[in-house]
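Architecture at a glance
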Amino acid sequence: MRLRSQLTRRAFLKLTVTAGGGLLIGSYLAACTTETPTPTAIPSLPSATPVTPVATATLAPTATPTPIPPFEPNLFVRIDPDGLVTLTIHRSEMGQGARTTLAMILADELEADWSKIKLLQAPANSKFGSQITSGSGTTADNFLPLRQAAALARETLIAAAAQVWGVAPADCKAEQSSVVHTASGKRLGYGDLVQTAATVTLTGEPQLKPASDFKLIGKSLPRVDEPAIVTGAAQYGLDQRLPGQRFAVVAHCPVAGGTVVGYDATQAKAVPGVEAVVEIPGGVAVIANNTWAAIQGRAALTISWDEGSRATLSSDSIHQLLETRITKAIANETAEGLTTLDAFYETPPLAHTALEPVNCAADVQADHCDIWISTQNPGDVQTFVRNAIGLPTDVHVTLVGGGFGRRLEVDYAVEAAQVAKAAGLPIQLVWTREDDIQHDFYRQPTYHWLRAGWDKQTKALALWRHYVAGPGINGIAYHAGQDVLLEGLDVSYDIPGRASQAVITNMPLPTGPWRAVMNGPNAFANESFLDEVAAALKQDPLAFRLALLKDSDRLRPVVQLAAQKANWGGELPAGHAQGLACHTTYGLTSVAMVAEVSVQAGVVRVHKVVCAVDCGFVVHPDMVAQQMEGGIVFGLTALLKGEITLDKGRVQQSNFNDYPLLQLSEMPVVEVYGVPSDRPPQGVGEMAVPPIAPAVLNAVFTLTGKRIRRLPVRPSDLV
Amino acid sequence: MASFNLTVNGSAQTLDAEPDMPLLWALRDLLNLTGTKFGCGIGLCGACTVLLDGETARSCSTPLSTVGTRSITTIEGLSPTGQHAVQQAWLAESVSQCGYCQAGQILTTVALLSKAPQPSDADIDTAFANTLCRCGTYQRIRKAVHRAAGAA
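Considering the overall build of chain A
The helix and strand inventory of chain A stands at 19 helices and 28 strands. Each principal axis of the C-alpha atoms in chain A carries an extent, and together these give about 80 × 75 × 45 Å. When each of the 719 residues of chain A is scored for burial, the buried share is 62%. Partitioning the intrachain contacts of chain A with sequence separation of at least 6 by distance along the chain shows that 76% fall at a separation of at least 24. Seen as two clouds, the 56 positive and the 67 negative side-chain charges of chain A have centres 3 Å apart.

Here is the structure:
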């Protein structure tokens, strides 16, 4: 999602150019003190080098000064005298390939030897600019700035070698972590140039290499973390082990925001392994020397709660509220003399359910706090923890076991710090799956009204309305109003008389950014309803869309490619049908999908999805494919599986028994095709989610004549 | 509190723990083997999968008192340098995204191939029931299973 203000490329450039009058020169070194936390080592090398598993996380010690200091022209690049190139990654790796992609961008422009690179994960530090990993923006936001940071380092090293040899920099070139004097073949490794490089001041801005010179960018290099993942060495938040650490679980009020009136910890403290029970603002924490004891201890607590004002919230009350708001908003809409078609669409709240339940390790000392966390948002974690406990706080970012927007929030980080402070011990705060599902910040429930109108005689479309009612985003670090409901609300089809409206409907449901945010519900409504209109006008859904897409709309070639690769309209096995949908997310990346579907005994079976994408320049082709595959699975879960329901303020689901996810046996064959583009990288992380539900449901209509307008699909909808 | 003698990845380990402690937490918290993951605690996601005498077991739902003398294999016990055929297949097919579920997926594959060296897609569907991946790597897992089967 794009709610939080991230530094745009332009803003990032402005920031770095005005600081000291040059690009990222010197300011980091000058400000570097012992207070700057050391980045965390990423325990694997992007090469064929066998990986030594690191089973125990250690606090990274402050580096011992060496006789020759390393060359650190900026926050992202460091060269040691022995030639080791260290790159710092300032966005979170949560499976979308941030570490691999950003490292490739830096290494390529730096002309570094990819087989001899060390990666560090940046701690929270405002000098990095935005460290928020969201909005599918990691590659798009950082492509140019990181290349400039690396180019600065490269040109400084070239200038240093030129100085050593007494030649012109233009007579030298960089390759494989070395500088070569082209005419003579003389070579100096980057390590040998570290001392001289520190004395060089470049005049003028560094040149970026032409795309034709890319050696890494554009290739599907192996994911840097994969060796550690397959050997069990990869360390997620939940794997952090601080010296002297205990494990804690917190009992929360079943109604969000409820508070403790009183509690009895006698039974809890009797559980072997439980060491303490402490109250914090959000509930009661049980601290033990192992996770199981903490969980058992919590189960043995007796707590009375003041449930607070949210105790009246229910799925029925949510539906009533949204329906009422829409009814009111559309009361004065007219048909304007046209033949009209109306429909109402609806989506429920959804949980994120990354496989790693949210968690956080905290070590609160007398004058300082250290946080180790699987997070998409270290900056806000730092701010909110510091404010909560009143101490300067360093935040170390781990590998993330799935983000999807949940890890933008700070609730469990604040909780961990509060427990650690109250306990006087380092603790690993563990949320069980039940906690994770019941105390989420959900994707907003929505209620949509759509109307299309056409001339009775000519059938020309002359009216299109899409009104959506839903809450905004009301988390702790994240808040948004009407703007978020507008995401993907308006179609780009060339239909005259288009109007849309976002009816912000506040309700006491905790909501937060969820993969693709409102693009999902809005595309579900738009692309399903467009097919309804096509059917009413007896038009083929593909031809209908193409007729409505302007030549300049990036969706056109994307739709055409998907249809071609899917053999739209061609022969299919008996009982199969195809459905089409397309969407541009955040105005950046356009995706079209053709789903091949069958329905058996009321159960929707998705056999194949052909996906076409225009995401601008592609840094890592296979990562694009992975995000399309993964986004499709994510969207299919929302289409076919669970929903969050509430009664008396309580979330009724708790684990994968009542909030199921798509299984391996249910995954369709996915084919991904790219539309070539001259645009810079635009982002892919969320972009496959919006089109998949309407593509499948449009096929379901073709098969059954039944229009599904509410998610998730239930078998009773189709028998 | 009781004493348990376990064989973990070929090494003898003695633990003092409550008999009802699931093997998952003994591995992660007492032996500091964090490669086996916690995902749901009720045996429905497979992230906690280990092998007991070569058979898959959901360690979150396996109390220490039931392990007995069975040999425990965790992800760390396959090959620390990733040389096991299944790990190699995972690398070749670029299976992982966030990777959190993959230890369970890999061990499930090891057990499947020990019983069905050339598994059909239906065999794979069955073996991977309730072995969840939120990132949606299923298509690649399937390909990697076939690849590892082919490499045997």
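Read on, since the account is not over.
Observations concerning helix 5 (residues 138-151) of chain B
For helix 5 of chain B, which comprises 14 residues, the first-to-last C-alpha distance of 20 Å matches the rise-based estimate of 20 Å (1.5 Å per residue) to within 8%. If you check which residues of helix 5 of chain B are buried, you get Tyr-138, Gln-139, Arg-140, Ile-141, Arg-142, Ala-144, Val-145, Ala-148 and Ala-149 of chain B.

Observations regarding the interface of chain B and chain A
Contacts between the two partners involve 53 residues from chain B and, on the opposite side, 66 residues from chain A. Taking both partners together, chain B and chain A bury about 4,800 Å²; carbon and sulfur atoms supply 57% of that area. One can count five salt bridges joining chain B with chain A. In this structure, Asp-239 of chain A and Lys-37 of chain B form a salt bridge, with 2.7 Å as the shortest nitrogen-oxygen distance. Here chain B is connected to chain A by 25 residue pairs in polar contact (both at pLDDT 80 or more). Of all the secondary structure elements, the ones that give two or more residues to the side of chain B that touches chain A are helix 1 (23-30), helix 2 (85-93), helix 3 (102-115), helix 4 (121-127) and helix 5 of chain B. Top element by residues in the side of chain B that touches chain A is helix 5 of chain B. It accounts for five residues.

Points about the pairing of strand 19 (residues 461-470) of chain A
Residues and elements named next belong to chain A. Taking burial as the measure, the 10 residues of strand 19 include nine buried ones, the bulk of the element. Connecting strand 18 (residues 446-454) to the next strand, strand 19, in antiparallel fashion are six residues, including Lys-459 with a positive phi near 65°. As paired strands, strand 19 and strand 22 (residues 498-504) are joined by seven bridges and run parallel to one another. In the strand pairing of strand 22, Trp-464 is matched with Arg-498.

A few points about the side chain of Thr-133 of chain A
Residues and elements named next belong to chain A. Take Thr-133: it is sitting in the loop between strand 4 (117-121) and helix 4 (138-165). Owing to a relative accessible area of 2%, Thr-133 belongs among the buried residues under this scheme. Polar contacts involving the side chain of Thr-133 include one to the main-chain amide nitrogen of Ser-92, which spans 2.7 Å. Not counting residues within four places of it along the chain, the set of residues in contact with Thr-133 comprises Arg-91, Ser-92, Met-94, Gln-96, Thr-138, Gln-376 and Leu-408.

Things to note about the pattern of salt bridges
All names here are of chain A. A complete count under the given rule lists 43 salt bridges over all chains for this structure. Among the ionic pairs, Arg-154 bridges to Glu-109, the shortest N-O distance being 2.7 Å. Placement of Arg-154 in helix 4 and of Glu-109 in helix 3 (residues 98-110) is noted, with a sequence separation of 45 residues between them. Two residues, Lys-648 and Asp-647, come together in a salt bridge whose shortest N-O distance is 3.8 Å. By relative accessible area, which is 55% here, Lys-648 ends up exposed. The class for Asp-647 is partly exposed, based on a relative accessible area of 34%. The network of salt bridges with common partners includes Asp-108, Glu-111, Lys-209 and Lys-215.

Analysis parameters
- Residues numbered from 1 in each chain as written.
- Chains lettered and ligands numbered in written order.
- Predicted model: local features only at pLDDT ≥ 70, side-chain atom pairs only at ≥ 80, totals over all residues.
- Heavy atoms only, no water.
- Helix = DSSP H or I, 4+ residues; strand = E, 2+ residues; numbered from the N terminus.
- Buried < 20%, exposed > 50% of the residue type's maximum accessible area, 1.4 Å probe, protein only.
- Contact = heavy atoms within 4.5 Å.
- Lys, Arg positive; Asp, Glu negative; His and termini not counted.
- Charge placed at Lys NZ, Arg CZ, Asp CG, Glu CD.
- Expected span 1.5 Å × (residues − 1).
- Buried area = accessible area lost by both parts, 1.4 Å probe.
- Salt bridge = Lys/Arg side-chain N within 4 Å of Asp/Glu carboxyl O.
- Polar contact = N/O pair within 3.5 Å; in protein donor to acceptor, adjacent residues only side chain to side chain.
- Pairing = 2+ DSSP bridges.

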